[in-house]
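One-letter residues, chain by chain:
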Amino acid sequence: MAGDQAAGLRAWAASLERPAAEAGSDLVPEPAPAVTSVTAASRREAAGVETSPAEAPPTTLVVVGLPSTAPEQAERVTALLDHWAERGRRWVGDPRRWKVVPVAISSPHLAVLAQEQPRWALWVGADGEAFRRALGVLGRLAEGGGPRRLIAVHPPGMPRRGLLDNLRQAAGQYFGIDLLVLA
């Protein structure tokens, strides 16, 4: 199972690109297609018939660190994907094609989800306790067999310097987690 996760992360890392117009930005992941069961759309695709974007399976993004797992919390991340898409982040594609799944850090299923789901994000708030909270979530992920690579999602407009850079460095140094920062 760990090999499957590593293969998914290698594929994700291989799809990274640096946008030419954004000097100094971090690497940006290109969403890979989600693994789904055989559907009529996938049978048509296998037969060489084009699949419309509306039939493409959504890309799942598992998010930890949100204040709750209520559906309105997922809307925060969806709004950020909209924001990034509006600013030309091609890897986002159509923000409506993302399925944002909030997961509580206390979930007993973190290790299993980490092996099954290749795309993870850490919500980082903009308040004074954001660093402490996010670092705590990263520590629990490391202890609980969670993912080793996440993208930082946060309210639009947060600067990279300071909180986000410090969090990225601490994630790698203390927990061996690669935190991708796109601010």
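Residues numbered from 1 in each chain as written. Predicted model: local features only at pLDDT ≥ 70, side-chain atom pairs only at ≥ 80, totals over all residues. Heavy atoms only, no water.

Draft legend 1. Up close: the pattern of salt bridges. A full pass over the atoms with the stated rule returns seven salt bridges. Linking Glu-129 and Arg-132 is a salt bridge whose minimum nitrogen-to-oxygen distance equals 2.5 Å. Residues participating in the shared-partner salt-bridge network are Arg-160, Asp-165 and Arg-168. (Salt bridge = Lys/Arg side-chain N within 4 Å of Asp/Glu carboxyl O.)

Draft legend 2. Layout of the sheet that holds strand S3 (residues 120–123). Taken together, the five strands give an open sheet; going across it, the order is S2-S1-S3-S4-S5, and neighbouring strands pair in parallel fashion. Single-partner strands in this sheet number two, and they are strand S2 (98–102) and strand S5 (178–180). Here the average twist between neighbouring strands, direction ignored, is 35 degrees. The pairing of S3 with strand S4 (residues 149–153) spans three bridges and is classified as parallel. Bridge pairing in S4 links Trp-123 to Val-153. Strands in contact with helix H3 (residues 71–86) are strand S1 (59–64), S2, S3 and S4; relative to S2, the strand with the most contacts, it is inclined by about 145 degrees. (Pairing = 2+ DSSP bridges. Helix = DSSP H or I, 4+ residues; strand = E, 2+ residues; numbered from the N terminus. Axes fitted to C-alpha atoms, helices over the stretch in contact; angles between N-to-C directions. Contact = heavy atoms within 4.5 Å.)

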